[in-house]
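Single-letter residue listing:
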Amino acid sequence: MGNSDENGFNSDEAEEAQLKTTKKHKGKHDKPKPWDDDPNIDHWKIDKFDPSWNESGMLEVSSFSTLFPQYREKYLQEAWPIVKSALKEYGISGELNLVEGSMTVSTTRKTRDPYIIVKARDLIKLLSRSVPAPQAIKILNDEMQCDIIKIGNLVRNKERFVKRRQHLVGPNSSTLKALEILTGCYILVQILMLKKELAKDPALADENWDRFLPKFKKKNVKQKKVKSKEKKPYTPFPPPQQPSKIDEQLESGEYFLSDQKKSAKKWQEKQEKQTEKTAENKRKREAAFVPPKEPIRQDIGTSNAEKNDVAAMAMSLKKKAKEFGKQKSMENIDAEKYIASGDQRSKKKSRHYEE
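Now for a description of the structure that goes with this document. (Residues numbered from 1 in each chain as written. Predicted model: local features only at pLDDT ≥ 70, side-chain atom pairs only at ≥ 80, totals over all residues. Heavy atoms only, no water.)

In space, the 3 strands of this open sheet follow the order β1-β3-β2, with antiparallel pairing throughout. One side of each edge strand has no neighbouring strand; the edge strands of this open sheet are β1 (63-67) and β2 (92-97). Going from strand to strand, the sheet's axes swing by 15° on average, the running direction of each strand aside. Sheet topology note: the β2/strand β3 (residues 102-107) ladder contains 6 bridges and is antiparallel. Bridging from a neighbouring strand, G94 pairs with V105 of β3. Contacting β2 and β3, helix α2 (residues 73-89) crosses the sheet at an angle of about 165° to β2. Helix α3 (residues 116-128) contacts β1, β2 and β3 of the sheet and is inclined by roughly 170° relative to β3. (Pairing = 2+ DSSP bridges. Helix = DSSP H or I, 4+ residues; strand = E, 2+ residues; numbered from the N terminus. Axes fitted to C-alpha atoms, helices over the stretch in contact; angles between N-to-C directions. Contact = heavy atoms within 4.5 Å.)

Okay, structure coming up:
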């Protein structure tokens, strides 16, 4: 028999009951399945879609559209019949709009695979990024996947970015080909491959390629200036400890005050602040009614030379006035008083002769 506790319950029976409950709930849904032990079944194999799985087709129309740059217009116009026929096999309709510069894919009544519209979306994305049409059409297969990695924003310095991109491609695209062999993927660096395609055309060898290359707008992003902290001189002693609030209260004696006195002191400080605020507001209101000071007129523009000229002109005018007064006084003198008439002289002479 097993040991029993004070209540008379057997500990061995408790352990057995606990094991039964754990076995009962653990792995409740982990039942053996017939295909688990079959070695002929490949659990990682992806079966190709069978149209019989979805005979009724799609209930709603799904569509995706993307824009393409102007330099891809001519190539897409030539390669679009191949793309359209490839999409038609899966029941997808494709539209190339040269006016808006966009490509659109949408489901039809003949579409059976619900995931094929996502694959078609990836197809038009690859076509807009300078991937050749034969390589881009491969994405419609279930085994194929794609990824678009934007490397333009990884490095801020443009020259450093160009050098690293060149290292990725390598001389004569040797590094890029080695990566394709190792990974078994098709890798494309967009702008460099476009330049190589233009270089192959003898008609465009001596022309300017700016109209074919994409144009990127320069963005001047303001960078935050990092504030450099000044290095303080090293001292073996720790920095002085700042006084806490309790220390300040102890120094001022506020710590030993009662609650009533503390509240009274706070109220008094509040009243003082309030009176200062009201006085300041009153001063601001009265300042609006104070008349401005009248500006003192000063001949700032007149220089010393001009003042001297004015003084000389005044002196000359005074002299002219004096001369004019003298002339006027001379004109008022009666000349007859000083000049004797001819009759008087004749009378005197006649008197003289008579005598």
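Before going further, it helps to examine a nonpolar patch on the surface. A grouping of I246, L250, Y255 and F256 is seen on the molecular surface, where their side chains present a nonpolar patch of about 440 Å² in accessible area. Tracing the backbone shows I246 in helix α8 (residues 245-252). (Patch = residues over 30% accessible without salt bridge, like charges linked within 9 Å, V, L, I, M, F, W, Y side chains within 5 Å. Areas by Shrake-Rupley, 256 points an atom, 1.4 Å probe, with all protein chains shown as cover. Salt bridge = Lys/Arg side-chain N within 4 Å of Asp/Glu carboxyl O.)

What follows deals with unusual backbone geometry. Although it is not a glycine, S130 adopts a positive phi angle of roughly 70°. Within the secondary structure, S130 is located in the loop between α3 and α4 (133-137). Unusually for a residue other than glycine, S173 sits at a positive phi of about 60°. Take S173: it is sitting in the loop between α5 (158-169) and α6 (174-183).

Taken by themselves, the reported measurements are silent on function.
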